Amino acid sequence: MVSRRVGGGVVRRFERLVAFLVVFVLVGCGGVGSGGAGSGGVGDPYFPASGTGGYDVTHYGLTLDYEPGTRWLVGEAVIVARAEEDLRAFNLDFVGMEVESVEVGGEAARFERRGGEVTVRPRGGVGEGRVFVVVVRYSGVPEVIRDPDGSEEGWLPTGDGAVALGQPVGGMAWFPGNHHPGDKATYDITVAVPEGLRAVSNGELRKETVVDGRAVHEWRVGEPMASYVATVAVGEFRIRRSRTAGGLPVYVAVDPGQDAASEKVLGRIPEIVAWGERTFGAYPFLSTGAIVERKGDAGYALETQNRPVFPGAPSVELLVHELAHQWYGNSVTPGSWRDMWLNEGFATYAEWLWGEDHGGDTAQEVFDRLYAGDHFDKEADDDAVWAFPPARPPSAAHISGRPVYERGAMVLHEVRRTVGDRVFRDILRGWAAERRHGNADTGDFTAYVEAKAPGEDFAGIWRSWLHGEGRPGEV
C-alpha cells in the first residue's frame, strides 16, 4: 500500500477551503423532521441507478494523489450541494475504492455502501433549500468499468500513467458524486503524481508545484460540467500552449510517441475553433485544447470538456467532431442518455459542414450516400444506420450506435432542407446560445425548431426520421 502523499501546502490550502465552506454552510444543515432519503437514481431510461435525487451539486473540490506503479489512488472529495427536499439521508454514486470517512457540515456522518451507491446519513439531516458540504475520503485501486456496448471507461491504466474517461458512468470509478448528465457543477481538481509526470485535467491550469518529489497540478473548471466529461490524464506528456486569434488559451498534451504524427492536425485547433464560432456561436468555455494518448491506451475518443481525449493522433474530421461537442454535449448537455443524438447528431453534422466549407463533399452528398446505402466500406455499416430511431435507442448498449450519429445528422439535414440555410444557421447558433451551460432533451429541441420556423410543418420529420423505424420513404 502506498502512503497518502499530497504536498503539505496543497493539503493546507485544501483544509482552509473546507473550513471556510463548513463555516459558510453550517447554518444550512439544520435538522429535519420527517424528511426524505433522496433517491438511488434519477430514473434515467438506460441507467436507472445513475445519479441521485434530493439534492443538486454546485461544486466539486477533488484532491487526488496517484501512484502509477501500484495504481493506488488516494482521494478527498469536497462536494457542495443544495438540498431540494428535507433529507434524512442521501446517496452518492461511487464504485470500487474504500470509503474511509464521510463528513457533512464538519461532522462525521454514518454511511453504508451497496453496489454503486454510498448512502450518507448526516446527523440531524439537511433541511430543504439548505446548502451543505460533504467531505469524502477514499483510497484504493480504481475500477475499470465495462459498458453495456463492451467498451471500457473509468480510471484506465496506461503505459505511463492513467486516463479517466467517464461516458456514461465512469466518473463514479474515481470520485463520489451525482453522476448523471442532468446535474452539472463547477470543479477544482488537484492531482499529485511522481515528479517527471504530468496530470492534465479540464479547465484552466492554475498552478504547478513540486512538493516532496510529487508534481502537483491544480486545475479549475469555472463553467458547469457534467461528470461524464471530467477527466484526468497522467503521463509523460509534451505540452504545447498557444492562443487562438481571439485570445482563447489552447493547451495541448501529447504522448511523446504521438507528437510528430499529431503536430500538424493539432496545430489547426485555433482554425477549427474560429470556424466553430462562426458556425455555432461564441465558444462556451475559457480554454480549449486536446489530450493525445498512446494508441491502445483508450479505445475511443471522448469530448472531455475543454480538451478532448484521443487514442493516438486524430484526423482533422475527428478533431472537428470532438471540438463541436464543446458546444453540443458539453455546454448544451443531454437531459438523459436517451437524448444522445443531440450530442452525436450535431457533432457528426459539424463534420459535414466542415467538409462543405473546406472543399469537400456537400452535406447533401453525404446525406444521399447514406440514404442510398453506399457511404461506408462495409454493407453492414450502411445497414446499421437504419437499425433503430436515433431518439429511441433500444437499450443502453445502443446509445452510441450508428443511428445516433449518422441518422441523427440526417435529422438535422432534413430540418435544414425544410427551413433553408439562413434559418438553419440561426437554429444552430440560437440553440447553442439558449441552452448554454444547461441541459436539454429531444422535446426541447423539436419545440425550439418549430418556434424558429412557425410556418413549417415538421411533423413528418419527427415521425419518420427521429422516432420512426427503418429507412423513411422517398426524400
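Everything below is about the structure printed above this text.
Conventions adopted
- Residues numbered from 1 in each chain as written.
- Predicted model: local features only at pLDDT ≥ 70, side-chain atom pairs only at ≥ 80, totals over all residues.
- Heavy atoms only, no water.
- Helix = DSSP H or I, 4+ residues; strand = E, 2+ residues; numbered from the N terminus.
- Contact = heavy atoms within 4.5 Å.
- Pairing = 2+ DSSP bridges.
- Axes fitted to C-alpha atoms, helices over the stretch in contact; angles between N-to-C directions.
- Salt bridge = Lys/Arg side-chain N within 4 Å of Asp/Glu carboxyl O.
- Buried < 20%, exposed > 50% of the residue type's maximum accessible area, 1.4 Å probe, protein only.

Peer 1: Just checking my understanding: could you explain the environment of Ala 162 for this structure?
Peer 2: Turning to its location among the elements, Ala 162 is positioned in strand β11 (residues 162-165). Between the C-alpha atoms of Ala 162 and Gly 235, which are 73 residues apart in sequence, the distance is 6.9 Å. Contact partners of Ala 162, with chain neighbours within four places excluded, come to Tyr 66, Trp 155, Leu 156, Pro 157, Val 232, Ala 233, Val 234 and Glu 293.

Peer 1: Hey, could you run me through the sheet that holds strand β19 (residues 288-293) in this one?
Peer 2: Strands in a sheet are paired, the pairing made by backbone hydrogen bonds, and the direction either parallel or antiparallel. Strands sit in the order β17-β18-β19-β20 across an open sheet of four strands; the sheet is mixed. At either end of the open sheet lies a strand with only one pairing partner, and these are β17 (238-243) and β20 (309-311). Taking each pair of neighbouring strands and ignoring which way they run, the sheet shows an average axis angle of 15 degrees. Bridge count between β19 and β20: three bridges; the pairing is parallel. The residue of β20 that forms the bridge with Val 292 is Phe 310. Sheet strands touched by helix α3 (residues 269-280): β17, β18 (249-254) and β19. Its angle to β19, the strand with the most contacts, is close to 130 degrees.

Peer 1: Please explain the pattern of salt bridges as it appears in this structure.
Peer 2: According to the stated counting rule, one finds 23 salt bridges in the structure shown. For Arg 294, the salt bridge identified is with Asp 160, shortest N-O distance 3.4 Å. Here Arg 294, found in the loop between β19 and β20, pairs with Asp 160, found in the loop between β10 (152-157) and β11; they are 134 residues apart in sequence, far enough to count as distant. On the basis of relative accessible area, Arg 294 is assigned to the partly exposed category, the value being 30%. For Asp 259, the salt bridge identified is with Arg 240, shortest N-O distance 2.3 Å. Of the two residues, Asp 259 is situated in helix α2 (residues 259-266) and Arg 240 in strand β17; the sequence distance between them amounts to 19 residues. According to the relative accessible area criterion, Asp 259 is buried, its value standing at 15%. Of the residues examined, Arg 240 reaches a relative accessible area of 23% and is grouped as partly exposed.

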